[in-house]
Amino acid sequence: MSIILVVDDELSMREFLSILLEKEGHQVFSAGDPKRGLEIANNHDIDLVITDIRMGEMSGLDLLKQLKDSFPDLPVLIITAFASPEDAVIAMKNGAFDYLTKPFKVDEITAIVTSALGASGSAIIPAQQQSPSRDIIGQSPEMQKIFDLINRIAPTQANVLIYGESGTGKELVAQAIHNNSKVATHNFVPITCNAIPETLFESELFGHIKGSFTGATSNKVGLFGQANNGTAFLDEVGELTPLVQTKLLRVLQEREFKRVGDTQITKINVRIISATNRNLEEEVVSGHFREDLFYRLAVVPIRMPPLRERKGDVPLLVDFFLNKYAEVFDKEVMELSSYAMEVLMAYDYPGNVRELENIIERGVALSTSNIILPESLTLSSHRKKSARSFQGDIPESLIGVRSQEELFDEGLEKILANFEKKLLISALERTNYSKMRAADLLKISFRSFRYKLQKYNL
């Protein structure tokens, strides 16, 4: 059973949704204004919020922002009788799961509720989506949204901008979009924008004819020519200089170019998928990136979450990389010790999935048995410093007035269990007993937090 909060100033709408959702097996709370809705959300484990937009001095969009600040993983469905493109854009930009216009059909609202609860990890929802690529690993809500988006946009010709930190898998997503598109049989051409000097940009991208400049000893097709009727992947697109941005914009607008030294125009039909670890919206505001080019590239934006925001995928990724490098190094199937896994789950991964892969690769290479121990894991200096802080005497704050000898007599498992229990209680106290915020404070999933509470009868 899922717990759903309905916020609407129309009593008839609250009653309608309550009856409908309760028939579907959900528990429903309702509120006539956003302030009351926030109170309910802070005092109950809400799985989904459905809210109207226009409700007096505090709007549903205001409620959305406050909910996302406190409960970033909580799906929020916006409904309104006064639909506008501006409201829809603001709602989706601020993290709304979907935007629905009144009046809506019963089948429509129930389908969206089912989808939203699936994204939030509700146990009553059907199986998760399959990854569109065997190389993209994840079962977290964040990755399920990425999979859904890939499957929806791949068959279209819309240009896509993938943004996120280095090592999050932006090129894998670009390749998956191409592989699931209608042009999958044509070329996927990666172009690393910051690796091409400005003076050679036209020649590299558009090609040249023999004799057009010193060193042009033969005709060259160019990367865009190779990608014709397929996909061009512009990696690190935020690094393009202003001159190159202008030239690229013209190609996107006109769908044609001239090879260097050629008098003939070459028509082109290519889908553009771009990637960057920069915030291009800020770059546009600062004048470092052309606004018109940004909107040409970012028809569909995709944000790749850093690994620290989807820690639940770490065990899956570890298993994938263990099998991969056991085969590479011709070793028996490897596994991690439970403490080694705890070390990996506590790490923040500044290098994201790429860093985790390197950690496992080194661990498999260095391990002398089929079980990888913590000492075989090479983490960044930040993590090493954190680990050193626990060497030597155990802090008195964690053991009370007991002696070190009395503590060690209890054994490691009991020591860790008592410590974990104290952390759970402390997190609850610091968040005014909001389980969702306490889980966020401890950087674990809500489900894991709830399991631990049950484990210690809290």
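Computed from a predicted model, the values in this text were never measured in an experiment.

Criteria and cut-off values
In this numbering scheme, every chain counts its residues from 1 along its sequence in written order. Per-residue local features of the predicted model are confined to residues with pLDDT of at least 70, and side-chain atom pairs are confined, for both listing and counting, to 80 or more; whole-chain, interface and lining totals are unaffected and use all residues. The side-chain quantities take in all heavy atoms of the structure and omit both hydrogens and water. For two strands to be treated as a pair, DSSP must find no fewer than two bridges joining them. By definition, any uninterrupted DSSP run of H or I lasting at least four residues is a helix, any uninterrupted run of E lasting at least two residues is a strand, and each is numbered from the N terminus. Here an angle of 0 to 180 degrees is reported between the N-to-C directions of two axes, which are lines fitted to C-alpha atoms, with helices fitted over the stretch in contact. Relative accessible area decides the class of each residue, using a 1.4 Å probe on protein chains only: under 20% of the type maximum gives buried, over 50% gives exposed, and in between gives partly exposed. Looking down the strands as they point away from you, a crossover is right-handed if its path from the first strand over the helix to the second goes clockwise. Think of it this way: a Phe, Tyr or Trp ring, Trp meaning its six-membered ring, pairs with another when their centres are within 6.5 Å, and the plane angle makes it stacked under 30 degrees, edge-to-face over 60, tilted otherwise.

Observations regarding the sheet that holds strand β2 (residues 27–31)
Next up, step 1: One open sheet accounts for five strands, arranged β2-β1-β3-β4-β5; its pairing is parallel. Only two strands of the sheet have a single partner each, and these edge strands are β2 and β5 (98–101). Taken over all neighbouring pairs, the strand axes of this sheet differ in orientation by 20° on average, direction set aside.
Next up, step 2: As defined by bridge partners, strand β1 (residues 3–7) adjoins strand β3 (residues 48–52) across four bridges and the pair is classed as parallel. For Val7, the partnering residue across the bridge sits in β3 and is Thr51.

Topic: the pairing of β1
Next up, step 1: Extensive coverage of β1 is indicated by the burial of five of its five residues.
Next up, step 2: Neither face of β1 is left uncovered, since the one carrying Ile3, Leu5 and Val7 and the one carrying Ile4 and Val6 both have all their residues buried.
Next up, step 3: Looking at chain direction, β1 and β2 are connected through five bridges and run parallel. What sits directly across from Ile3, in β2, is Gln27.
Next up, step 4: In this fold, the crossover linking β1 to β2 by way of helix α1 (residues 11–23) has right-handed handedness.

Focus on the packing of aromatic side chains
The relative placement of two aromatic rings is captured by the distance of their centres and the angle of their planes.
Next up, step 1: Under the defined criterion, the tally for this structure stands at eight aromatic pairs.
Next up, step 2: Consider the rings of Phe201 and Phe206, whose centres lie 6.1 Å apart with planes at 90°: the pair is edge-to-face.
Next up, step 3: According to the relative accessible area criterion, Phe206 is buried, its value standing at 3%.
Next up, step 4: Aromatic pair Phe320 and Phe321: ring centres 5.5 Å apart, planes at 70°, arrangement edge-to-face.
Next up, step 5: Classification of Phe321 by relative accessible area gives buried; the value is 4%.
Next up, step 6: Through pairs of rings, three or more aromatic residues link up here, namely Phe201, Phe206, Phe224 and Phe257.

Topic: unusual backbone geometry
Next up, step 1: Although it is not a glycine, Tyr349 sits at a positive phi angle of roughly 55°.
Next up, step 2: Here Tyr349 shows up in the loop between α14 (338–346) and α15 (352–366).
Next up, step 3: Here Asn352, not a glycine, exhibits a phi torsion of approximately 60°, which is positive.
Next up, step 4: Locating Asn352 in the fold gives a position in helix α15.

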